[in-house]
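# Geometric and topological summary
If you want the building blocks of each chain, they are given just below.
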Amino acid sequence: MTWYATAGHDRADVEDRRARAPWYRSKARPSPADMLRKLRRVLIAARFNASRPDQPTPQEIHVIRLAWETAAA
């Protein structure tokens, strides 16, 4: 709950939950289960989206591609 209150809270969370679960039409605040669900999603996304230091970032790839295009022109 502390993580959710300090970093994870978003007003759209309740609306998203209502859209996914129509029986929650009167839901006004996220439940502890909703908070835990969001924390799990954030942790999983961070694990799979973590950049590897030995791999170039998308911005670096873009700069290199532009340099190659300029050199080839």
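Residues numbered from 1 in each chain as written. Predicted model: local features only at pLDDT ≥ 70, side-chain atom pairs only at ≥ 80, totals over all residues. Heavy atoms only, no water.

## Some thoughts on the overall build of the protein chain
How we decide: Each helix is a run of H or I in the DSSP string that is no shorter than four residues. Each strand is a run of E no shorter than two, and both are numbered from the N terminus. In this treatment the radius of gyration is a C-alpha quantity, and the globule benchmark scales as 2.2 Å times the residue count to the 0.38 power. Burial classes follow relative accessibility: with a 1.4 Å probe on protein chains only, a residue under 20% of its type's maximum area counts as buried, one over 50% as exposed, and anything between as partly exposed.
Check the secondary structure of the protein chain and you find four helices and zero strands. Ordering the α and β elements of the protein chain from the N terminus gives α-α-α-α. Rg of the C-alpha trace for the protein chain: 20 Å, well past the compact-globule value of 11 Å for 73 residues, more than 25% over. If one aligns the C-alpha atoms of the protein chain with their principal axes, the spans along those axes are about 60 × 25 × 20 Å. With 73 residues in all, the protein chain has 12% of them scored as buried.

## Regarding the pattern of salt bridges
Just so we agree on the cut-off: Any carboxyl oxygen of Asp or Glu within 4 Å of a side-chain nitrogen of Lys or Arg constitutes a salt bridge here.
A complete count under the given rule lists three salt bridges for this structure. Residue D16 is joined to R20 by a salt bridge in which the shortest nitrogen-to-oxygen separation is 3.1 Å. Here the residue D16 and the residue R20 both occupy positions in helix 2 (residues 12-20), the gap between them amounting to four residues, near one helical turn. Residue D16 is classed as partly exposed on the basis of its relative accessible area, which comes to 32%. Note that D34 is salt-bridged to R37, the shortest N-O span being 2.8 Å. Here R37 and D34 lie together in helix 3 (residues 32-49), a separation of three residues that amounts to about one turn. On the accessibility criterion, D34 (11% relative accessible area) is buried. Residue R37 is classed as partly exposed on the basis of its relative accessible area of 28%.

## As for the environment of K27
Condition: Whether two residues are in contact is decided by their heavy atoms, any of which lying within 4.5 Å being enough.
Within the element layout of this structure, K27 appears in the loop between helix 2 and helix 3. With 10 residues separating them along the chain, K27 and R17 place their C-alpha atoms 8.6 Å apart. With sequence-adjacent residues up to four places away left out, K27 is seen in contact with V14, R17, R18 and D34.

By themselves, these figures tell us nothing about what the structure is for.
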